[in-house]
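One-letter residues, chain by chain:
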Amino acid sequence: MARAPRGTAGQADTSPRPAKKEKGERSPAMLQFFRAKEQYPDALLFFRMGDFYELFHDDAIVAAKALDLALTSRQKSADGEDIPMAGVPHHAATGYLARLLEKGFKVAICEQMADPKTVKGIVPREVVRVVTPGLALDPDALDAQRDNLLVVLVTGGAESALASLELTRADLRVCTVRTPAELLGELVRLDPREVLVVGDAQEIVQRTLPRARVVTISPLVDPLARIRELLGDPEAERAERLLDERARQAVALALAAAKESQPRASLGVRTLSTYDPAAFLALDDAAIRNLELVTTLAGDRPGSLLALVDETRTSMGARLLRRRLLAPLAEVASIRRRHDAVEALALDPPARRELRRVLGDVPDLERLATRAELGVASPRDLGAIRAGLDAAELLRAHVFASSVAGDLVSMAAIDGCADVRDELSRCLVLELPLVATLGGIVRPGVDASLDELRTLEASSKDVLLALEASERDASGIGSLKIRYTRVFGYYIEITRTNLGLVPKHFRRKQTVANGERFTTDALEDLQEKILHAEERARTIEQGLFEELRTRVGKQAGRIRALANAVADVDVHAALAELAQARGYVRPLVDDSLILEIEDGRHPIVESLSPAGTFVPNDVRVDAEGERMLVITGPNMAGKSTLMRQTALAAILAQAGSFVPAKSARIGLVDRIYTRVGASDNLGGGQSTFMVEMRETAAICAGATRRSLVILDEIGRGTSTYDGLSIAWAVAEHLEGVIGCRALFATHYHELCELERQRPGRVANFNVTARERSVDGQGDDVVFLHRLVRGGSNRSYGIAVARLAGLPEPVLARARRVLGDLERGAGRGGAEPVQTELFAGPRAVEPSPIEEELRGVEVDRLTPIDALNLVARWREMVRARR
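Please read these numbers as outputs of a predicted model, since none were measured by experiment. (Residues numbered from 1 in each chain as written. Predicted model: local features only at pLDDT ≥ 70, side-chain atom pairs only at ≥ 80, totals over all residues. Heavy atoms only, no water.)

A. Local environment of the overall build of the chain. Within the chain one finds 30 helices and 27 strands. Within the chain, buried positions represent 50% of all 881 residues. For the chain, restricting intrachain contacts to residue pairs at least 6 apart in sequence, the fraction spanning at least 24 positions comes to 66%. (Helix = DSSP H or I, 4+ residues; strand = E, 2+ residues; numbered from the N terminus. Buried < 20%, exposed > 50% of the residue type's maximum accessible area, 1.4 Å probe, protein only. Contact = heavy atoms within 4.5 Å.)

This is the structure we're talking about:
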């Protein structure tokens, strides 16, 4: 069991110091510890001692706090101080490792390299792997539904290189990003667990990815040499031809980190892939966050778009769907091919149901194949690969037998790895142990020596009786017996009367009172086999398992290719299931600049609403026509929902999904920008308004004519006139300078003037509401959630405040203040009424004109007197100005 827990673990220092060698610490085991620690000074060292992984010195202090372990001591050093020690049981180590990786630690695993029972003296130990958050392989440390990425960022100059390595899929990719905004967008899209930075970008990367382990490292002297060493000459030549120095550094450093992680294994990575971020619909941090693509604003997966649309049946499919949502395509033909596959499955429910049934039996072949390749797969992992290959073959058979084979090309044409499947079926038993040392892995008939040992182990008595009978017949000694004692082992007992018949190959072993005891070569061989049969059987079986794992590992690339095809089918079948269940339609995606949606719906809001209550809406924007919709209307009427659902429709369509609408035409979108809601970054010294302006600046700098921009309440974080001015200027820039498609929601009703100034390019719309009178006040509002042409001149703020439960005295005062303001600046441009916000209700002092007006006798006033009176009042008003 683990050391008894103590207290509550806090956040540990993720960079443990090298262990300091104390005087007197000269035991062979501790010297091994120090040598290993010197190799990996920045890692916690898990040092195997018997059934525990022990940690010493500062490592023990840090790990005890992080894992809530008891901190003990080994022995006192020469100066009388205790040596801190903490430990975890080796059979439960993966759980502890997962917790350390979650906290951002780096851990080196130092194993015993021989069975202590077979070693005289000190047991040899070596570091067999180094685990970091981005290079984890244990399932306990991984999220099955998302990639586990290590990213290397090399900055310098205007451009930066970014290499991403998914070790569990043996996938290495590299790209060049041209601007800081593009870099941050790519980092957010990849969402790595670990980032190694060459340059001075650590601080900004840590702010962008607060949960990632971010470390600054030094560049390599010769990155091409490292690529050549780990990937071979062809890939090194490709790197030299295709990549600049920054990209070569990024690739080489990613490979170097992976090799340090698995020092005793060959890497599963065989090739590197290059890509251009411009091949995908660009989504920055604000868009991913505000649209709640993979997590909600609170950081939870439930309630996000991904959680809603993920009907996949495999882990590989879930990860692929997540990648597609975060990187929708920006090429029409590829998007349409995805839609073809979804449509084929949507139109053939029996085929879809059968495929999804079989998909449910496919394990995580991608990661299992990599575990085999890296030599860490367990017997059950190989059994899972066997089951997965069986299910994949059945899946291929169903694809071929259905009407969808032509649309699922990846599955129909892929290598089914039949030879690997057959070998695993031939070699492995059905029920497999968790670890290889337990035995019970290999089928009978695979290895003759193993079968003999198993037979011997199971029927040693029968074998001894058979040998006894054979020797009795050959010698003619009827009383010959084979017996056993703990001290002398097995022997042949011959009575004194039969000593003359003893064969020459018998060797005297012991003299007893009534005869002699003998042995033979055959008996000694049999004794050796019987006494050590189980141990030798397990040793042979473990060797056979490791050989099988190596053979399977050599085919990992083929297995991963098959897994990719399975994931592709899974995603298409899941999206077809989604479309049928929720009434989504195939969008028309083309190269136009039109975005037109009929009866569009917000997928998440609709799923949370009672059936049939969500109000759909039409939206049409055209960069060559009405490209900007100025949307007004009350709070809570649905402006934000409308805009978000438009952006989500474009993302779903270009990711390859059907969309929630009656019909949809999506002219290809290259970027989606959002400025939605109020948020601040107090830790970074940025107010709500500063965050708003930064996001707006990024939109103005990065948007193109093909972009879709969603703006909600620009300028609300400052004074009314400042905010209105900024909102007006931003709207003019987006419409007139960039010319992109934009939805602009606002409570600044003055912006409706843009439609008159820019006819045919700006259109006013409002989300309707109906006001009802309550207690003589027009304070009750019914939201109709319907988008109609024309601007709104009211925001119904007091009505919404009433719905929120604001006290009636406050509402009454708000009505009076609103009336004062509307009689001032809001009515004809007169000077605003000075409203005393902290004064209670009081009588307004009458003006001189009012006093004189009270004394006028209208019946006796002549026309000339009336004109003179009005002229005098006019002069009085002018004098007040």
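Having put the structure on the table, let's press on.
B. Seen up close, the nonpolar core. The biggest cluster of nonpolar side chains holds 113 residues, and the ones touching the most others in it are L293, L382, I385, I631 and I672. Ranked by the residues each element gives to this core, the list is headed by helix α21 (residues 556-582), at 14 residues. For I631, the contacting residues outside a window of four places in its chain are K639, L642, M643, L743, F744, A745, T746, F765, V767 and L787. A163, L172, V251 and V269 belong to the second-largest nonpolar core, a separate cluster that totals 35 residues. (Core = buried A, V, L, I, M, F, W, Y, C linked by side-chain atoms within 4.5 Å.)

C. Main features of the sheet that holds strand β22 (residues 663-667). Taking strand neighbours across the sheet as the criterion, the 4 strands line up as β18-β22-β19-β20 in an open arrangement whose pairing is mixed. Of all strands in the sheet, those bounded by a partner on one side alone are β18 (588-590) and β20 (617-622). Taken over all neighbouring pairs, the strand axes of this sheet differ in orientation by 10° on average, direction set aside. Of the strand pairs in this sheet, strand β19 (residues 594-600) and β20 are connected by 5 bridges, and their pairing is antiparallel. Of the residues in β20, the one forming a bridge with L595 is V621. On top of the sheet, helix α23 (residues 639-655) reaches β18, β19, β20 and β22; it is set at about 110° to β19, its chief contact. (Pairing = 2+ DSSP bridges. Axes fitted to C-alpha atoms, helices over the stretch in contact; angles between N-to-C directions.)

D. Quick look at the packing of helix α14 (residues 365-373) against α21. α21 packs onto α14 with a crossing angle of 170° between their chain directions and a minimal axis gap of 8 Å. On the basis of the axis angle, α14 is roughly antiparallel to α21. Between α14, through L365, E366, A369, T370 and E373, and α21, the contact on the second element is made entirely by A556, I559, R560, A563 and N564. Class assignment for the residues of the contact of α14 with α21 results in 5 nonpolar, 2 polar and 3 charged. (Parallel < 35°, antiparallel > 145°, perpendicular 65-115°, else oblique. Nonpolar A, V, L, I, M, F, W, Y, C, P; charged D, E, K, R; others polar.)

E. Broad picture of the pattern of salt bridges. Using the criterion set out here, one finds 70 salt bridges in the structure. Residue E126 is joined to R264 by a salt bridge in which the shortest nitrogen-to-oxygen separation is 2.9 Å. Of this pair, E126 sits in strand β6 (residues 125-131) while R264 sits in the loop between α8 (245-261) and β12 (273-274), and the two are 138 residues apart along the sequence. For E126, a relative accessible area of 40% gives the class partly exposed. Among the charged side chains, a network of salt bridges with common partners joins D147, R169, D171, R173, R319, R323, D364 and E366. (Salt bridge = Lys/Arg side-chain N within 4 Å of Asp/Glu carboxyl O.)

F. Just unusual backbone geometry, in detail. One non-glycine residue, H57, adopts positive backbone phi at about 55°. Of note, H57 is situated in helix α2 (residues 57-67). For H57, a relative accessible area of 7% corresponds to the buried category. One non-glycine residue with positive phi stands out, namely E292, at about 55°. Within the fold, E292 resides in the loop between α9 (285-290) and α10 (305-309).

G. Main features of the packing of aromatic side chains. Overall, the coordinates contain 8 aromatic pairs when judged by the stated rule. Considering the side-chain rings of Y484 and Y490, the 4.7 Å spacing of their centres and the 45° angle between planes classify their relative orientation as tilted. Judged by relative accessible area, Y484 falls into the partly exposed class, the value being 41%. Three or more aromatic residues link up through ring pairs in this structure, and these residues are F33, F34, F47 and F56. Note that R48 overlies the ring of Y53, its terminal NZ or CZ placed 5.7 Å from the centroid. It is R189 that lies over the ring of F280; its NZ or CZ is 5.7 Å from the centre. (Phe/Tyr/Trp six-rings, centres within 6.5 Å; stacked < 30°, edge-to-face > 60°. Lys NZ or Arg CZ within 6 Å of the ring centre and 35° of its normal.)

H. Region of interest: the sheet that holds strand β16 (residues 507-512). Spatial ordering of the open sheet is given by β14-β15-β17-β16, a layout of 4 strands whose pairing is antiparallel. Of all strands in the sheet, those bounded by a partner on one side alone are β14 (481-485) and β16. Taking each pair of neighbouring strands and ignoring which way they run, the sheet shows an average axis angle of 40°. Pairing of β16 with strand β17 (residues 515-519) involves 5 bridges; the strand directions are antiparallel. Note that in β17 the partner of R507 across the bridge is T519. Against the sheet, helix α19 (residues 460-475) contacts β14 and β15 (489-495), and its axis sits at roughly 135° relative to β14.

I. Seen up close, the confidence of the model for the chain. Per-chain confidence: the chain averages 86 in pLDDT, with 87% of residues scoring 70 or above. For residues 1-14, every residue scores under 50 in pLDDT, and the model assigns this stretch 40 contacts once sequence neighbours within four places are set aside. Here residues 826-843 is a poorly scored stretch, pLDDT under 50, and it has 20 contacts once near neighbours within four places are set aside; other chains count. (pLDDT = per-residue confidence, 0-100.)

J. Layout of the packing of helix α17 (residues 418-427) against helix α20 (residues 521-554). α20 packs onto α17 with a crossing angle of 170° between their chain directions and a minimal axis gap of 11 Å. Judged by the angle between their axes, α17 and α20 are roughly antiparallel. Judged by the sense of rotation from one axis to the other, the crossing of α17 with α20 is left-handed. Residue-level inspection shows V420, E423, L424 and C427 of α17 in contact with α20, the latter providing L548, R551 and V552. Here the residues of the contact of α17 with α20 sort into 5 nonpolar, no polar and 2 charged. (Left-handed = near helix turned anticlockwise from the far one by under 90°.)

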